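# Geometric and topological summary
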Amino acid sequence: MKFFVDTADIADITALNEAGMVDGVTTNPSIIAKSGRKMAEVIAEICAIVEGPVSAEVTATDLPGMLAEGRYLRDIAKNVCIKVPLTEAGLRACKTLSGEGTQVNVTLCFSPGQALLAAKAGATFISPFVGRLDDIAQDGMDLIADIMTIYMNYPALRTEVLVASIRHPIHLIQAAKLGAHVATLPPAVIRQMYKHPLTDRGLEAFLADWKKTGQSIL
Ligand code: G3P
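What comes next concerns the included structure.

What counts, and at which threshold
- Residues numbered from 1 in each chain as written.
- Predicted model: local features only at pLDDT ≥ 70, side-chain atom pairs only at ≥ 80, totals over all residues.
- Heavy atoms only, no water.
- Pairing = 2+ DSSP bridges.
- Helix = DSSP H or I, 4+ residues; strand = E, 2+ residues; numbered from the N terminus.
- Axes fitted to C-alpha atoms, helices over the stretch in contact; angles between N-to-C directions.
- Contact = heavy atoms within 4.5 Å.
- Core = buried A, V, L, I, M, F, W, Y, C linked by side-chain atoms within 4.5 Å.
- Buried < 20%, exposed > 50% of the residue type's maximum accessible area, 1.4 Å probe, protein only.
- Salt bridge = Lys/Arg side-chain N within 4 Å of Asp/Glu carboxyl O.

## Considerations on the sheet that holds strand S2 (residues 24-26)
Taking strand neighbours around the barrel as the criterion, the 8 strands line up as S1-S2-S3-S4-S5-S6-S7-S8 in a closed arrangement whose pairing is parallel. Strand after strand, the sheet turns through a mean of 30° between neighbouring axes, direction not considered. Looking at chain direction, S2 and strand S3 (residues 54-57) are connected through 2 bridges and run parallel. When the sheet's bridge partners are listed, Val25 is paired in S3 with Val54. Here helix H4 (residues 63-74) sits on the sheet in contact with S3 and strand S4 (80-85), set at roughly 160° to S4.

Quick look at the structure:
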């Protein structure tokens, strides 16, 4: 499973990348707004740190605007992946941009039908938002299961399932059990996964016993 990090925070991206936890980065207009920085500037800086795909989302809602913004954003760096919303214009932009050799991440996916349309439009990635479905008492993982079933029925579909809107480690584990290709993770969720009380307790006991030996390794 590929881990993408869902942030534009340079310090978080750098630290997690050094730990081998970053196969790519996703942003969206809200994440860029939170960064307080100009999109082109922060995307360029992220692309210089991370080798994998870095999603930059268009903000136009019409086809000509999406194409103009997507062609501008992809020129920032070779690993820029253009993010478009799952709308009719977004899928038309996806078809054109992917046909031009640009990676496209189709976002704001909430149904299996939408995911099938995105694959037909040549999406590199589809981003189903599991957390936002959970937020309205629908099981977001059911959507992932449905999409994986559909995509696996048709190997010719090359789109990778990029599970997004992840709220906690259980979402990640469930997505991995379903065989999702990618999960985009808030840095806090990755850090939560490091922690287990039995690990802490076991290490404490090891070090207490080691201290009794009076030895040191160096
Ligand atoms: O990249 C998509 C992701 O940022 C959405 O997550 O928490 O805003 O639903 P969230």
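## Some remarks on the nonpolar core
One finds Ile43, Ile46, Val106, Ile126 and Val163 to be the most contacted residues of the largest nonpolar core, which totals 62 residues. Per element, the largest residue contribution to this core is 6 residues, and it comes from helix H8 (residues 140-153). The residues contacting Val106, other than those within four sequence positions of it, are Val84, Pro85, Leu86, Leu91, Cys94, Ala118, Ala123, Phe125, Ile126 and Ser127. In this structure, Cys81, Phe125, Leu162 and Val182 belong to the second largest nonpolar core, which totals 5 residues.

## What to know about the pattern of salt bridges
One pass over the full model with this rule turns up 8 salt bridges. We note a salt bridge from Glu160 to Lys2, for which the minimum N-O separation is 2.7 Å. Residue Glu160 is located in strand S7 (residues 160-163), and its partner Lys2 is located in strand S1 (residues 2-6); the two are separated by 158 residues in the primary sequence. Judged by relative accessible area, Glu160 falls into the partly exposed class, the value being 21%. Residue classification places Lys2 among the partly exposed residues on the basis of a relative accessible area of 30%. In this structure, the salt-bridge partner of Asp135 is Arg167, at a minimum N-O distance of 2.6 Å. Residue Asp135 is found in the loop between helix H7 (130-134) and H8, and its partner Arg167 is found in the loop between S7 and helix H9 (169-177); the two are separated by 32 residues along the sequence. Residue Arg167 is classed as partly exposed on the basis of its relative accessible area of 40%.

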